[in-house]
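Examining the three-dimensional arrangement
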Amino acid sequence: MDSSAVKEQPLALIVDDNAVNRNVTGQMLRRLGWASVQVESGLLALEQLKSRAFDLLLLDLRMQEMDGEETCRRIRTELGLKDLTIVAYTAHGMEDDRERILAAGFDRMLIKPIFLDDLRTLCAYVRPTV
Amino acid sequence: MNDIAAPFLATELLQAWTLLPEFTEAQPLIEALCGRGWAVSRSFNTLGEIVEALHGTETPPDLLITRIRLPDGDAFELIRRLAGLRNAPAVFFISRQQRSVVKAADALCEAHGVRVGGHADMPLRLTAALPQFDAFRAAGCQRRQRSQRSVPLQADELQYLVDNGGIRAFMQPKMRLSSRRITGFEALMRGIGPDGRLIAPILLIEPLGNAGLLMRATLQMFDQTVAFLMDCLNDGIAVGASVNVPLSLISDYGFCRKLVERVEKVGLDPSWITIEITEDEAMSNPALVIENTARIRMFGFNLSIDDFGTAYSSFSQLTKIPFSELKIERAFIRGMESDKSKQAVVSACALLGSRLGLEVVAEGVENRAELNAVIEAGCSDIQGFLISRPIPVPEAAAWLRSLDGERFALVEDAALQSWVPNL
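Treat the numbers as computed from the prediction; the structure is a model and nothing was measured.

1. A short note on the overall build of chain A
Of regular secondary structure, chain A possesses six helices and five strands. Ordering the α and β elements of chain A from the N terminus gives α-β-α-β-α-β-α-β-α-β-α. Expected size for 130 residues packed as a compact globule is a radius of gyration near 14 Å; at 14 Å, chain A falls within 12% of this value. Once the C-alpha set of chain A is aligned to its principal axes, its extents read approximately 45 × 30 × 25 Å. Counting over 130 residues, chain A shows a buried share of 33%. For chain A, contacts bridging at least 24 residues in sequence account for 63% of all contacts bridging at least 6.

In structure tokens, the structure reads:
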């Protein structure tokens, strides 16, 4: 892979405290032509976002330490990343909480489990040319 | 034993009785049947006579050929009387009734567990009627052969299966219609006997329940399903799976904890697993249903209502219980393309499901015509022989990997090409 190809490849940050989910999401993104970085907590996500630019952030809402909503608020306010696409994913049945969740600064919501087609649609929305 | 049984059965006569009062074409029909492996051993003219004979000492026949209107009653009463019998005969209707009345007779048979052998309109056309008798006879011979083989399992045999890995999850894939991708599997219970013989669920599930072994068997199904999912997910293949659990087990808190422990042990997010609630008497108690289903959701599993529209499941339950999926029973799907009332039921279920944000799965889709009909009705997913029969776990894993991007290729794609996915 040459360096220009690397530059072209969009990059996602996956934040989930479940290793199986991180792995399967990362593998699906790779099939869709994306690269990804995977971390297991909101704090580690903040670290990553300080150090490099991402095209997409996938954030599990239910995490042990700092939850997804808190993480998202801090990304928007403390890091000032207003334009980054941040997607919440969560268990089925949270539709009633959609408004509150989006108010925390999320652009979209996905319902777990996430299938390849969900990611395909999302990736096409974020980077239509890939 | 089987090689002796088969030739014997090939020449065996099936017994039929007739209840065809004032039916002038009875004689040609009886003669035609006698030349096709049937023995029409008795003929009656009234409901009273036949009921008396059925409750007498004679062995009931395989098939009862009857009119729907009778001089002293009707076939509906006859069906009800048959329901109480051991070895109740199947029923063949000959009538000039409107279609809805004949359908009602079929439905009543189904409700009472009485088999329908076929139908013919009056005036009788033998060319249309006789193939139905032939088909019934062929199936009847197979049925006898099967029932000879499938002696009910004894408690110690069931115990042996549960103790020695004889309970197996067979996986039946589920396809999302919008993308034709396999998004999940339903784990269906099969037994493998000590002789390697496959044991059908009908011989397993209820007997396991009676023997007090259903919890262990269900946990074994669950374990195999979890292992299958971990194998797929670790390989980057995102599929879920569902496991059938009777409500009576879910009401046991200890059982639910065991499910949670099992997913936590391997680090599987429970949202990959759907618990399919199978209907039992407990479904008739709304408070109990709500308590137990809410518990399943609290632990993070998804929840599906199986066989929606039959027995106890109802519209009101759908709004109260946090289901994520609704499964439409195969009886509504079978032959749906030529049955307007089935189309109406399936469309209504699909609309209701989609408005409630649920996936709507059509079960038992076996051919193109049914596929087109469920697409038309608005279902989101299908399951059935058109995609695959239930297959053992290793085969399912290999099958999934053999697909191009988990996408199932239907042989003739005209129907789906004309249909624009709603992504």
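2. Here we look at the domain arrangement of chain B
Many descriptions give the size of an interface as the accessible area lost when the pieces come together. Taken domain by domain, chain B comprises domain 1 (2–149) and domain 2 (155–417). Computed over C-alpha atoms only, the centres of domain 1 of chain B and domain 2 of chain B are separated by 35 Å.

3. Re the nonpolar core
Of all hydrophobic cores here, the largest spans 97 residues; its most connected members are L57 of chain A together with I328, V346 and V374 of chain B. Per-element tally for this core: the top contributor is helix α9 (residues 214–234) of chain B, with nine residues. In this structure V374 of chain B touches I333, V346, A362, V365, C379 and I382 of chain B, once residues within four positions along its chain are discounted. With 32 residues, the next largest nonpolar core counts L33, F44, A90 and F136 of chain B among its residues.

4. Quick look at the confidence of the model for chain B
Residue and element names in this part refer to chain B. Counting all residues, the mean pLDDT for chain B is 85, and 89% of those residues have values of 70 or more. Segment residues 1–10 is flagged for pLDDT under 50; beyond a separation of four residues in sequence, or across chains, it makes five contacts in the model. Note that residues 412–423 has pLDDT below 50 and, in this model, 11 contacts with residues that lie over four places away or in other chains. In the predicted complex, the global pTM is 0.74; the interface-specific ipTM is 0.90.

5. Digging into the pairing of strand β8 (residues 167–176) of chain B
All names here are of chain B. Among the 10 residues of β8, nine are classified as buried, and the element is accordingly described as predominantly covered. Inspection of the sheet shows β8 paired to strand β9 (residues 181–192) by 10 bridges, in the antiparallel sense. Among the inter-strand pairings, F170 is bridged to a residue of β9, identified as L188. From the end of β8 to the start of β9, which pair antiparallel, there are four residues, and R180 there has a positive phi angle of about 60°. Bridge count for β8 against strand β17 (residues 391–392) is two bridges, and the pairing is antiparallel. Bridge pairing links F170 to P392 in β17. Two elements, β8 and strand β16 (residues 381–383), share three bridges in a ladder whose sense is antiparallel.

6. Describing the interface of chain A and chain B
With 19 residues of chain A at the contact, the number on the chain B side is 21 residues. Secondary-structure elements contributing two or more residues to the side of chain A that touches chain B are α2 (19–31) and α6 (116–126) of chain A. Sorting elements by how many residues they give to the side of chain A that touches chain B places α2 of chain A first, with seven residues. In terms of residue class, the side of chain A that touches chain B is built from nine nonpolar, seven polar and three charged.

7. Quick word on the sheet that holds strand β2 (residues 38–44) of chain B
Remark on secondary structure: sheet strands pair via backbone hydrogen bonds, oriented parallel or antiparallel. Residue and element names in this part refer to chain B. Read across the open sheet, the five strands follow the order β2-β1-β3-β6-β7; overall the sheet is parallel. Unpaired on one side and paired on the other, β2 and β7 (116–121) mark the two borders of the sheet. Across the sheet, the mean angle separating the axes of adjacent strands is 20° when strand polarity is ignored. Examined bridge by bridge, strand β3 (residues 63–66) and strand β6 (residues 90–95) share four bridges and lie parallel to one another. Its bridge partner lying in β6, L64 is registered against V91. Strands β6 and β7 of the sheet are contacted by helix α5 (residues 99–112), whose axis makes an angle of about 170° with β6.

8. Some remarks on the packing of helix α3 (residues 42–51) of chain A against helix α4 (residues 68–77) of chain A
Angle between the axes and distance between the axes are the two parameters that describe a pair of packed helices. Residues and elements named next belong to chain A. Taken N-terminus to C-terminus, the directions of α3 and α4 make an angle of 25°; their axes are 10 Å apart at the nearest point. Here α3 is positioned roughly parallel relative to α4, judged by the angle of their axes. Note on packing geometry: the crossing formed by α3 with α4 is right-handed. When α3 is examined against α4, the residues G42, A45, L46 and L49 are found in contact with a partner set consisting of E70, T71, R74 and I75.

9. Topic: the sheet that holds strand β2 (residues 35–39) of chain A
Residue and element names in this part refer to chain A. Taken in spatial order, the five strands of this open sheet run β2-β1-β3-β4-β5, and their pairing is parallel. The open sheet terminates on both sides in strands that have one partner only, identified here as β2 and β5 (108–111). Across the sheet, the mean angle from the axis of one strand to that of its neighbour is 20°, orientation sign disregarded. Note that strand β1 (residues 11–15) and β2 share five bridges and pair parallel. Note on β2: the bridge partner recorded for I14 is Q38.

10. Some points on helix α11 (residues 253–266) of chain B
Residues and elements named next belong to chain B. Taking 1.5 Å of rise per residue, 14 residues should cover 20 Å, and α11 covers 21 Å from first to last C-alpha, within 8% of that figure. Contacts from the buried residues of α11 go to α9, α10 (247–250), β12 (273–278) and α12 (286–298). Of the residues trailing α11, G267 is marked for its positive phi of about 75°.

11. Topic: helix α15 (residues 340–355) of chain B
Residue and element names in this part refer to chain B. In this model α15 runs 22 Å from its N-terminal to its C-terminal C-alpha over 16 residues, within 8% of the 22 Å that 1.5 Å per residue would give. Along α15, the residues classified as buried are K342, V345, V346, C349, A350 and G353. Looking down the long axis of α15, one finds its buried residues gathered within 130° of arc, a one-sided arrangement. For α15, the exposed residues lying more than 90 degrees away from the buried face are K340, S341, A344 and R355. Buried residues along α15 sit in contact with β13 (302–308), β14 (325–328), α14 (330–333), β15 (359–362) and α16 (368–377).

Rules and cut-offs
Residues numbered from 1 in each chain as written. Chains lettered and ligands numbered in written order. Predicted model: local features only at pLDDT ≥ 70, side-chain atom pairs only at ≥ 80, totals over all residues. Helix = DSSP H or I, 4+ residues; strand = E, 2+ residues; numbered from the N terminus. Rg over C-alpha atoms; globule rule 2.2 N^0.38 Å. Buried ≥ 20, exposed ≤ 12 C-beta atoms within 10 Å, placed from the backbone. Contact = placed C-beta atoms within 7 Å. Domains from an automatic or database assignment. Core = buried A, V, L, I, M, F, W, Y, C linked by C-beta atoms within 7 Å. pLDDT = per-residue confidence, 0-100. Pairing = 2+ DSSP bridges. Nonpolar A, V, L, I, M, F, W, Y, C, P; charged D, E, K, R; others polar. Axes fitted to C-alpha atoms, helices over the stretch in contact; angles between N-to-C directions. Parallel < 35°, antiparallel > 145°, perpendicular 65-115°, else oblique. Left-handed = near helix turned anticlockwise from the far one by under 90°. Expected span 1.5 Å × (residues − 1). Arc of directions from axis to C-beta.

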